Structures are given as C-alpha cells and as structure tokens.
Amino acid sequence: MELANAKERYRFGNTEWDFGKETVIMGILNVTPDSFSDGGKYAQIDAALKHAEQMLKDGAKIIDIGGESTRPGHAPVSLEEEMERTAPVIEALTRELDCVISIDTYKADVAEEALKAGAKIINDIWGAKRERRIAEVAATYGAPIILMHNREIAKYAGPFIEEIISDLSESIEIARLAGVPEGNIWLDPGIGFAKDTEQNVLAMRGLDRIAEMGYPVLLGTSRKSMIGNILNLPVEERMEGTGATVCYGVEHGCHIMRVHDVKAISRMVRMMDVLTGKSNVEDKDF
C-alpha cells in the first residue's frame, strides 16, 4: 500500500524506519495501577526500565507510555498525577535506553511535558477532540500525532465504516488547522473504543478503507475484549487471537502494531512483511 500523503520514512535520533518496508512494533508500557491487562506491574521506574529494555530486545521500535488507564470504568486521573507517573519514566528511558517513546494521553499539558522529557510521538485516544490544543503541541514540537477513532456516545446511523472515516477526517482537519504537517498525522481505527464486538469486527474488515485515506495506520487490538468475546478467553490467554488480528492488519494496510506480547508478535510481523512483499527474505536478519 502506498501512502498517498504521508511520509514513509521516519527518523528519530539514531532510529530510522520505513513504513513502506517494515511494519513497526509499538510496545505497551502502562505506568498505572489499574490498566486492564498489566496494571501495577510497571509503575516503578526500575520495573518500567527493565520491561522497556526487554521489549526493545524483542523487536519493539516504539515504547508507548500511558499514565491513565483507558479500560471501561477506569478512574479518571488528575493532570498532575498523570504527569508524575509518566514524566520521570520518560526521562529515565531517554537517559538509559536508545528508543523512541510515545506518550499515550489526550491531555495537551501531559503531552507537552512528555515531549519536553524526551517523548517523540503523541498517541491520543480522542483524536484531538477532547483537548484540541494537543494538536498545537504536536505542531510546535514537530511530533507525529496518532489520531484514534472514538466517540462519547457509541451510536451510529449510517454505514459503519463511513462514519469512522468521517470522524477520523474531522480529527485530521483539527490537526491540519493546528499546523501539524501531513507526514506527522497517523490514524488508529480505535478497536475497543465506542464499539461493541460486532462493530469492532466491522472496523477490522474496513481497515483497507482507512489505509486508503493515505496516512500511516496504527492497529491496537492487543488482548482486547473483541478477542476475549469471540474466543471466550480471559485477558491472559488472548495472545493467539491478538496475533491473528495483527497478521490481518499487516495484510490490510496497517503500519504500526501496538501490543503487549512483543516477542511473539514481532516474529509474526516479520514473517507477514516477507509474505506480503513489504520486505524481502534477504532484508531480514535471521
């Protein structure tokens, strides 16, 4: 899939990748006590550092740090608390590891503090609609911003995928008006957000349409309820289901995979990149 508008090649310090030649793995690092899958495991800086280092060894190119759980029924976190959770970890990772960090937040002030601490990418679950100034922060710091599809009320009237595309187009326009360059706008279909299981499946089936919008696409399905509901499995047994969604995503135009199980998913993605012709066998370090 050719990116119509966005850049394919990205460079952050010593790290460079080309979405046209490889699918990038984003490893999840939640520094929260209540995230649905790994809450409380990595809230301490030493534990966070160790886990981030392992994910990088296992194939992650981006470490996505979140300081507020987004699971259904989560407790809201104050601006100050979210900063206190995330900024010290970002500073430590920047100091100790050679890695690209994204900040998983919809709050403009948290995003700015994270970028000052060393983060390079903003990952906004509200697509710059909850706090529009977050797009201005991205523009000011030259940071890519991931605009995820989400809604306050999960009601859809028209063709489902068309509504997702319409909502994402609104987020893109917010980013553009704030001065974010085309190449720094990335999209996320928002699997698990404002969608029931059937709608999540429809969103997956519409990935080609989202990819055709011409921007890098991030897919975040890791261990989510869609998989648990379809396979009737608890969170800790959803890796294979996650792998299936990731392989499907590679084949249908996605460029970044946000996952917990980095080693296994990274191997699947490397194999899929060869099978789909994104990369060649000789390009891989076997």
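The following refers to the structure shown. All figures in this text were calculated on a predicted structure; none of them were measured in a lab.

1. A word on the sheet that holds strand β5 (residues 100-104)
Within the open sheet, the eight strands sit side by side as β8-β7-β6-β5-β4-β3-β10-β9. Their pairing is parallel. Edge positions in the sheet fall to β8 (185-188) and β9 (218-219), since each of these pairs with one other strand and no more. Across three bridges, β5 lies against strand β6 (residues 121-124) in parallel orientation. Its bridge partner lying in β6, Ile103 is registered against Ile122. Sheet strands in contact with helix α5 (residues 160-178) are β7 (145-148) and β8, and its direction is about 160° off that of β8. Strands β3 (24-30) and β10 (256-259) of the sheet are contacted by helix α10 (residues 262-275), whose axis makes an angle of about 165° with β3.

2. A short note on the environment of Lys224
Mapped onto the elements, Lys224 comes out in the loop between β9 and α8 (225-231). Judged by relative accessible area, which is 14%, Lys224 ranks as buried. Taking C-alpha positions, Lys224 is 6.6 Å from Gly192, a pair spaced 32 residues apart along the chain. Residues within four places of Lys224 in sequence aside, it is in contact with Ile191, Gly192, Phe193 and Arg238.

3. Here we look at the pairing of strand β4 (residues 62-66)
For β4, a buried count of five out of five residues is recorded, marking the element as mostly surrounded by other parts of the structure. Here five bridges tie β3 to β4, and the two strands are oriented parallel to one another. Within the sheet, the bridge partner assigned to Ile28 lies in β4 and is Asp64. Judged from the five bridges that link them, β4 and β5 form a sheet pairing that is parallel. Residue Ile63 lies in a different strand from β5, and its bridge partner there is Ile101.

4. Details of the side chain of Asp58
Here Asp58 is to be found in helix α1 (residues 45-58). Here Asp58 is buried and forms no salt bridge, its nearest opposite-charge partner Lys263 lying at an N-O distance of 4.2 Å. Among all residues touching Asp58, those that are not within four sequence positions of it are Val262, Lys263 and Ser266.

5. Side note on the packing of aromatic side chains
Taken as a whole and judged by the stated rule, the model has seven aromatic pairs. Judged by centre distance (5.1 Å) and plane angle (85°), the ring pair of Tyr10 and Trp186 falls under edge-to-face. Separated by 176 residues along the polypeptide, Tyr10 in strand β1 (residues 9-12) and Trp186 in strand β8 bring together distant segments of the chain. Its relative accessible area of 3% is what places Tyr10 among the buried residues. Directly above the aromatic system of Tyr106 lies the positively charged group of Arg130, at a separation of 5.2 Å from the ring centroid. Over the face of the ring belonging to Trp126 we find Arg130, whose NZ or CZ atom lies 4.2 Å from the ring centre.

Thresholds, definitions, all that
Residues numbered from 1 in each chain as written. Predicted model: local features only at pLDDT ≥ 70, side-chain atom pairs only at ≥ 80, totals over all residues. Heavy atoms only, no water. Pairing = 2+ DSSP bridges. Helix = DSSP H or I, 4+ residues; strand = E, 2+ residues; numbered from the N terminus. Contact = heavy atoms within 4.5 Å. Axes fitted to C-alpha atoms, helices over the stretch in contact; angles between N-to-C directions. Buried < 20%, exposed > 50% of the residue type's maximum accessible area, 1.4 Å probe, protein only. Lys, Arg positive; Asp, Glu negative; His and termini not counted. Salt bridge = Lys/Arg side-chain N within 4 Å of Asp/Glu carboxyl O. Phe/Tyr/Trp six-rings, centres within 6.5 Å; stacked < 30°, edge-to-face > 60°. Lys NZ or Arg CZ within 6 Å of the ring centre and 35° of its normal.

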